[in-house]
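Chain by chain, the residues:
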Amino acid sequence: MSNPPAPESNPIDTAPDKAQPTDNTRPPGKPEENRSAKTRQMLGMKGADVRETSIWKIRLQLMKPITWIPLIWGVVCGAAASGNYEWKLEHLLIAAACMLMSGPLLAGYTQTINDFYDRDLDAINEPYRPIPSGAISVPQVVTQIWVLLLGGIGVAYALDLWAGHEFPTITALAIGGSFLSYIYSAPPLKLKKNGWLGNYALGSSYIALPWWAGQALFGELNTTIIVVTLVYSMAGLGIAIVNDFKSVEGDEQLGLKSLPVMFGVTTAAWICVLTIDLFQFAIAGYLMSIHQNLYAAILILLVIPQITFQDMYFLRDPLENDVKYQASAQPFLVIGMLVTALAIGHAV
Ligand SMILES: C/C(=C\COP(=O)(O)OP(=O)(O)O)CCC[C@H](C)CCC[C@H](C)CCCC(C)C
């Protein structure tokens with residue numbers, strides 16, 4: 001049976017209640033193409049295998065494991081910046097539990113709920129995704145959302161108990177982050193409709209929230225850390241804008257005010273790279289102000305390859321090179337985050 005056709009008006013009402021087999025008629029490609037499509041499916045990336053497959057693989061695809069990485073990394077940064085993390089089994093297990101809460105559980109929840117509320121949009125932009133393609137039913141998706149959300153909050157509470165927090169900071173962060181995820185994707189607010197608000201919500205929650213969780217777990221979450229990570233999140237805003245170039249057409253049709261839609265592709269690409277670079281330089285300035293000059297110099301050195309990739313790929317053709325740019329430049333940005341965290345931990 002072939003995929004259900006893309007809905008015309010409101011696909012939310014017409015989404016199937018029972019899982020439909022997906023397109024099985026496509027001829028099997030070359031073995032290496034199949035392997036790559038399978039890997040993409042497991043990671044929740046574009047170009048995933050859309051033929052019938054196990055429901056658990058579809059569930060994993062909805063949770064987009066590739067997006068867990070920044071959240072897991074944020075926890076590492078928070079632990080490093082606390083200055084109290086020790087290389088012993090107990091701390092390792094607790095940090096792993098915090099990563100489980102931030103990545104698979106809460107980022108998994110975020111991505112699933114996002115695909116749930118975006119199924120009409122995805123039917124236009126990416127109809128091969130699990131929900132619009134009918135590979136998973138709506139009730140199955142709703143169950144997945146609740147399991148991940150409650151699991152994430154439960155682990156957060158257990159972490160607060162371990163840390164002996166009087167106020168359950170990590171639980172509050174988990175609930176706050178989950179609420180942000182909800183208003184990012186769901187009507188009536190649907191923050192993602194507004195390029196600035198949506199992308200800052202995304203950038204800050206991927207950089208600041210897991211950092212705060214790791215910091216609160218092993219040390220103290222104070223105002224300075226909150227301000228520094230929120231400034232760093234402006235670079236995250238730039239990274240989030242890169243994600244909007246792949247769907248300009250569908251966003252325009254559905255009235256989503258992404259930056260490429262509002263300002264045009266070229267201006268949006270410049271806003272994007274300037275935000276990424278200038279706010280990392282601002283953080284380097286902060287590191288100098290706390291006398292962490294070596295770390296500041298390393299951070300500046302890490303911005304240079306990012307500028308190079310912006311020039312080589314992204315600014316030349318943002319629509320074609322968005323993914324290539326992210327893959328080449330992002331490692332330098334995330335290493336810069338760890339350098340900053342180590343500098344802060346060193347200064348404690
Ligand atoms: C769903 C998100 C991005 C996808 O956006 P979009 O629909 O534009 O892109 P696709 O077309 O590729 O689907 C991310 C939204 C992030 C959200 C605002 C907040 C995330 C919260 C954290 C997961 C919570 C972590 C809390 C914890 C560390 C205490």
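The structure contained in this document is the topic of the report that follows. Source: prediction; values computed, not measured.

**Thoughts on a nonpolar patch on the surface**
Together, Trp 270, Leu 274, Leu 278, Phe 281 and Ile 307 line one region of the surface with nonpolar side chains, adding up to about 460 Å² of accessible area. Considering every element that reaches the nonpolar patch, the biggest residue donor is helix α13 (residues 265-289), with 4 residues. Looking at the secondary structure, you find Leu 278 in helix α13.

**Side note on the nonpolar core**
Judged by nonpolar contacts, the single largest core of 55 residues is most densely connected at Met 101, Trp 211, Phe 314 and Tyr 325. Excluding residues within four positions of it along the chain, Trp 211 makes contact with Gly 74, Val 75, Cys 77, Gly 78, Ala 81, Ile 225, Thr 229, Met 337, Thr 340, Ala 341 and Ile 344. Formed by 25 residues, the second largest nonpolar core is a distinct cluster that contains Phe 116, Ala 135, Val 138 and Ile 145.

**Digging into the side chain of Asn 199**
Along the polypeptide, Asn 199 turns up in helix α9 (residues 195-218). Taking relative accessible area as the criterion, Asn 199 reaches 3% and is therefore assigned buried. Apart from residues lying up to four places away in sequence, Asn 199 is in contact with Asn 194, Leu 237, Ala 240, Ile 241, Asp 244 and Leu 259.

**Concerning unusual backbone geometry**
Of the consecutive residues Pro 187 and Pro 188, the connecting peptide bond is found in the cis state with omega at 5 degrees. Take Pro 188: it is sitting in the loop between α8 (169-185) and α9. Notably, Lys 190 is not glycine yet its phi reads approximately 35 degrees, a positive angle. You can see Lys 190 is positioned in the loop between α8 and α9. Relative accessible area serves as the criterion here: at 13%, Lys 190 is assigned to the buried category.

**Details of the side chain of Asp 244**
Within the secondary structure, Asp 244 sits in the loop between α10 (223-242) and α11 (248-253). An unpaired buried charge is present at Asp 244: no salt bridge exists, and Lys 246, the closest side chain of opposite charge, is 6.3 Å distant. For Asp 244, the contacting residues outside a window of four places in its chain are Asn 199, Asp 251, Ser 258, Leu 259 and Pro 260.

Conventions we followed
- All residue numbers refer to positions counted from 1 along the written sequence of the respective chain.
- Totals for whole chains, interfaces and linings use every residue, but because this is a predicted model, local features are given only for residues with pLDDT of at least 70 and side-chain atom pairs only at 80 or more, for both listing and counting.
- Derived side-chain values reflect all non-hydrogen atoms in the structure, with water molecules and hydrogen atoms excluded from consideration.
- Patch members must show over 30% relative accessible area and no salt bridge, and they are joined within 9 Å when carrying like charges or within 5 Å when they are nonpolar side chains of Val, Leu, Ile, Met, Phe, Trp or Tyr.
- What sets the accessible areas is the Shrake-Rupley method with a 1.4 Å probe; for residues, cover comes only from the shown protein chains.
- Salt bridges are identified by distance alone: a Lys or Arg side-chain nitrogen within 4 Å of an Asp or Glu carboxyl oxygen.
- Secondary structure elements are taken from DSSP: a helix is a run of H or I of four residues or more, a strand is a run of E of two residues or more, and numbering for both begins at the N terminus.
- For our purposes a nonpolar core is just a set of buried Ala, Val, Leu, Ile, Met, Phe, Trp, Tyr and Cys residues, chained together by side-chain atoms within 4.5 Å.
- Type-normalised accessible area, obtained with a 1.4 Å probe on protein chains alone, sets the label of each residue: buried when under 20%, exposed when over 50%, and partly exposed for intermediate values.
- Note on contacts: a residue pair is in contact if any heavy atoms of the two residues lie within 4.5 Å.
- When charges are tallied, Lys and Arg are placed among the positive residues and Asp and Glu among the negative ones, while His and the ends of the chain are skipped.

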